[in-house]
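The chain contents come next:
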Amino acid sequence: MALNRILLYISIFSFGMAHAQGSLAPKYSNEFLNIGIGAQALGLSNAVVAGVDDVTAGYWNPAGLANTTNFLDIAAMHAEYFAGISKFDYVGLAKPLGNGGVGGFSFIRFAVDDIPNTTQLIDADGNIDYDRITTFSAGDYAFLFSYAQKLGIEGLSVGGNFKIIYRHVGDLAKAYGFGIDAGAQYKLSDKWKFGLVIRDVTSTFNAWTYNLDSTTIEVFQATGNDLPQNALELTLPKVILGVQFKQPIKEKFYVASEINFDLNTDGRRNVLIRTSPVSIDPHLGIEFGYLKYVAVRMGVGNVQWIKNTDLTESLSFQPNIGLGIGFKNVNIDYAFTDVGDASIALYSHVFSLKIGIKNAPQKMPND
């Protein structure tokens, strides 16, 4: 188990360094922003861009923020991946600004902490000294500033994000990036909703810089490793299309289903429809609920082709389930991803919280 953890640390560190060395490396850039936030959405396999209408819309489709009516909405999530090695955290805020406009803010962090740094393991005399091992963190951060607005056309809203990205690998490397997302939602009726999101509309650039001391440079050279160079990393646009159908059933119960299609523009990916320059990745979610009190969710996504031992290919997919409980203005959501280990992805238990503050705090009367 310890060996597996060390190998994983090395793999993550090596991938991060290699990924940033190319002058432009478009594929899977800023991939931490594609993990998804909120157990509600994760239980639906991220098929939410048409129906999302709460504070989490700041991440999924900023146009959905236009449906926010509370004085302030707050959301938070913590998840762990790879047996707790990687930590994923999210906090979101949304507040109406008047005249049909709503502002939002989202903070996302994905990090691996306590990674062993063995570059100084061997001292000047050639002896191994384990006391010389230090640790560092590799972290990815995103700050999303959102705005949504209802338009004059009945049922139509638009929105956008301005995002700031900060990534670092200990004190060895860091990157800053800026990008823009755009989205739209259209409610045709109480049953049909449509959504469109374009992430990284103008492409997002991350500028990597490296800070290696002379001792680390000597270690890299002695071990035959190339010295990383300052570089520019590019994230190409992604288009997401969504359709939701919601149908009331017996009394106050309902069923809602949504399908999304992710159109990746960074070349051929190992998804259901593998073409170049656009690959199409579908995912589907369905929810059964009673008003806003209880909801049961399930979804299918992460469809990939896997190579069999006889060199044939077969499809792999990731099933998810989830549960939501609401009381007054508090919602607690849970998602269990990759049910039954049907895909190559690892499963995780995810919880998230949403709180709606309906009215502004009352001012205390003067004594």
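Anyway, here's the lowdown on the structure attached to this text. Everything numeric in this text was worked out from a predicted model, so none of it was measured. (Residues numbered from 1 in each chain as written. Predicted model: local features only at pLDDT ≥ 70, side-chain atom pairs only at ≥ 80, totals over all residues. Heavy atoms only, no water.)

## A short note on the nonpolar core
Consideration 1: Counting residues in each nonpolar core, the largest one holds 31 residues, and the members touching the most others are Phe88, Ile108 and Val350.
Consideration 2: Going through the elements one at a time, α2 (39-43), α3 (57-60), β1 (72-81), β2 (86-98), β3 (101-117) and β4 (134-150) are the ones with two or more residues in this core.
Consideration 3: If one sorts the elements of this core by residue count, β1 sits on top with four residues.
Consideration 4: Residues contacting Val350, with those up to four places away along its chain left out, are Ala39, Leu42, Met77, Ala79, Tyr81, Asp333, Tyr334 and Ala335. (Core = buried A, V, L, I, M, F, W, Y, C linked by side-chain atoms within 4.5 Å. Buried < 20%, exposed > 50% of the residue type's maximum accessible area, 1.4 Å probe, protein only. Helix = DSSP H or I, 4+ residues; strand = E, 2+ residues; numbered from the N terminus. Contact = heavy atoms within 4.5 Å.)

## Section: the pattern of salt bridges
Consideration 1: Under the criterion given, the structure shown has 13 salt bridges.
Consideration 2: The residue Arg109 makes a salt bridge to Asp113 at a minimum N-O spacing of 3.2 Å.
Consideration 3: For Arg109, a relative accessible area of 18% puts it in the buried group.
Consideration 4: The partly exposed category is assigned to Asp113, whose relative accessible area is 24%.
Consideration 5: Of the charged contacts, one joins Arg167 and Glu233 as a salt bridge, the two residues approaching to 3.1 Å between their closest N and O atoms. Of the two residues, Arg167 is situated in strand β5 (residues 156-169) and Glu233 in strand β9 (residues 231-235); the sequence distance between them amounts to 66 residues. The residues Arg167 and Glu233 share a single accessibility class, namely buried.
Consideration 6: It is possible to trace a salt-bridge network through shared partners that takes in Glu31, Asp266 and Arg269. (Salt bridge = Lys/Arg side-chain N within 4 Å of Asp/Glu carboxyl O.)

## Focus on the packing of aromatic side chains
Consideration 1: A full pass over the atoms with the stated rule returns 14 aromatic pairs.
Consideration 2: Pairing Trp208 with Tyr210 gives two aromatic rings, centres 6.4 Å apart and planes at 20°, and the pair type is stacked.
Consideration 3: Trp208 gets classed as buried once you look at its relative accessible area, which sits at 4%.
Consideration 4: Given a relative accessible area of 15%, Tyr210 falls into the buried group.
Consideration 5: Centre to centre, the rings of Phe253 and Tyr290 are 4.9 Å apart; their planes meet at 50°, and the pair counts as tilted. (Phe/Tyr/Trp six-rings, centres within 6.5 Å; stacked < 30°, edge-to-face > 60°.)

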